[in-house]
Each structure stands twice: as C-alpha cells, then as structure tokens.
Amino acid sequence: IARTVSQARADLRAGKPRAEVDKNLASAEDAFSKLEARMRAYQTERDSAERARLAALQAEKAPELKKNLASIESGKWGMREAGLVVGIYSDAKDYEGLRRFSRSLLARKDAANLGDKQDFIAYMGIVGDISLKDDRAVLADGETFLKTYPKSNMFEAVKAQMNGVIAMSRLPKNPATPPAVAVAEAAPCKTK
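Note that the coordinates shown come from a computational prediction; the quantities given were computed from them, not determined experimentally.

**A look at the pattern of salt bridges**
Part 1 of the argument: Taken as a whole, this structure holds 16 salt bridges when the rule is applied.
Part 2 of the argument: Taking the shortest distance from any N to any O, the salt bridge between K61 and E64 comes out at 3.5 Å. Taken together, the residues span about one helical turn, with K61 and E64 both in helix α2 (residues 18–74) at a distance of three residues.
Part 3 of the argument: Residue E64 is classed as partly exposed on the basis of its relative accessible area, which comes to 29%.
Part 4 of the argument: With a shortest N-O distance of 3.3 Å, R103 and D129 are connected by a salt bridge. Placement of the pair is R103 in helix α4 (residues 95–107) and D129 in helix α5 (residues 118–131), with a sequence separation of 26 residues.
Part 5 of the argument: Residue D129 is classed as buried on the basis of its relative accessible area, which comes to 0%.
Part 6 of the argument: Residues joined in a network through salt bridges with shared partners are E96, R99, R103, D129, D134 and D141.

Below you can see the structure in the form of structure tokens.
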C-alpha cells in the first residue's frame, strides 16, 4: 500500500492525469480485495482439514482417554495419568475439556497425587482459558494461580497473560478510524 501511494504521488508529480492515477489506485485496491477473498477461501479449506484431523485424532485417542480418566476416578492414579489426559486434550485442541479436567483434578481430595506438579495442572487450565479467549476466566484463574503458586516457574507467564488481558480491556472499544492518506496533487514544475 505504501508503495502504491508513493507511486501515485510520483505519477502526479510527473504530470500524469488525475483520472489515470485514481484508476491505478482503484486497481491496486481491487487486487488487494481479490487477494483477501482468495485468502478467505484458502482459510475455509484449511479450517475444514483441521476439523477433520482433530475429529480423527479424538476418535483415535478416545480409548486411551477413557482408560486414564477411569484410573483417576478409581483413585489409582498419579501425575503420569493426569499428564496423559492433559496431552490428549491439548493435542486435540479440546480446550474446554482441558480446563474442565484441570479444575476438577485440582478440586479432588486426592489432588496430592500430583505431587509438586499441581501448578502445571493449574497452568494448563489457564491455557484452556486463553485458548477459548475467556478473559474473565484468565483473570480469575490467573489470580488464583498467583496466590496459590508464588514459587512456580510459570508464575511470570501467568502474570504476563493477565497483564495482556488487562491492557486489552483498557483499549477503547471503538477506536477512531485512522485518517485516510490523501494523495496531494503536485504543483506543476516550472522550467526556465
């Protein structure tokens, strides 16, 4: 766009008719619009392929997920089973499942089975919040994390995510549209 505007200014300074310069600008904008339309079509195809891939992965991992969840429900579990469940939810991009699992695991009476990895499970719940773009949950779960796990290696990462949510919430909801760049006509050159 910058090159197109620069070229338009140069063309006007060189004495090209305004109508021709306007036509070139409109053509460039039309080319961008056509490219954007093609990119949307590519994205639609990509989204379809990704949905199919994730559905196949979920079907493939369903027996393993069921087995590990049953182990946890039976009380015969540790970080290994919890980590496998987290991995399955993460790989399948089932972020709602990830955060629901993380929250329920930490709320269990036998959460001590996680050993010193409770902060990791809490962090994975926040990853679910972030991936779902649930800012309210990021702030609530993030504050709980900061309060509960001040010695965690993930403390700064959680704080940074919370600061990002806070900063974005302070931005104006409807920012003013930037002014259009005017292409000024150059004064004709005077020769001696």
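**Considerations on the packing of aromatic side chains**
Part 1 of the argument: One pass over the structure, following the stated rule, counts two aromatic pairs.
Part 2 of the argument: A ring pair is formed by Y89 and F101, whose centres lie 6.1 Å apart and whose planes are at 50°; its orientation type is tilted. Here Y89 is found in helix α3 (residues 79–91), whereas its partner F101 is found in helix α4, with twelve residues between them in sequence. Pair check on accessibility: Y89 and F101 agree, each one buried.

**Considerations on the side chain of R99**
Part 1 of the argument: Assignment of secondary structure puts R99 in helix α4.
Part 2 of the argument: There is a polar contact of 3.2 Å between the side chain of R99 and the side chain of E96.
Part 3 of the argument: Ignoring anything within four residues of it in the chain, the contact list for R99 reads G125, G128, D129, L132, D134 and A137.

**What to know about the packing of α4 against α5**
Part 1 of the argument: Relative to each other, α4 and α5 sit at 150°, their axes nearing to 8 Å. Where α4 crosses over α5, the two elements pack in a sense that is left-handed. Residues Y95, L98, R99, S102, R103, L105 and L106 of α4 form the contact with α5, whose participating residues are Q118, I121, A122, M124, G125, V127, G128, D129 and S131.

Quick notes on the rules
Residues numbered from 1 in each chain as written. Predicted model: local features only at pLDDT ≥ 70, side-chain atom pairs only at ≥ 80, totals over all residues. Heavy atoms only, no water. Salt bridge = Lys/Arg side-chain N within 4 Å of Asp/Glu carboxyl O. Helix = DSSP H or I, 4+ residues; strand = E, 2+ residues; numbered from the N terminus. Buried < 20%, exposed > 50% of the residue type's maximum accessible area, 1.4 Å probe, protein only. Phe/Tyr/Trp six-rings, centres within 6.5 Å; stacked < 30°, edge-to-face > 60°. Polar contact = N/O pair within 3.5 Å; in protein donor to acceptor, adjacent residues only side chain to side chain. Contact = heavy atoms within 4.5 Å. Axes fitted to C-alpha atoms, helices over the stretch in contact; angles between N-to-C directions. Left-handed = near helix turned anticlockwise from the far one by under 90°.

Geometric values such as these leave the question of function open.
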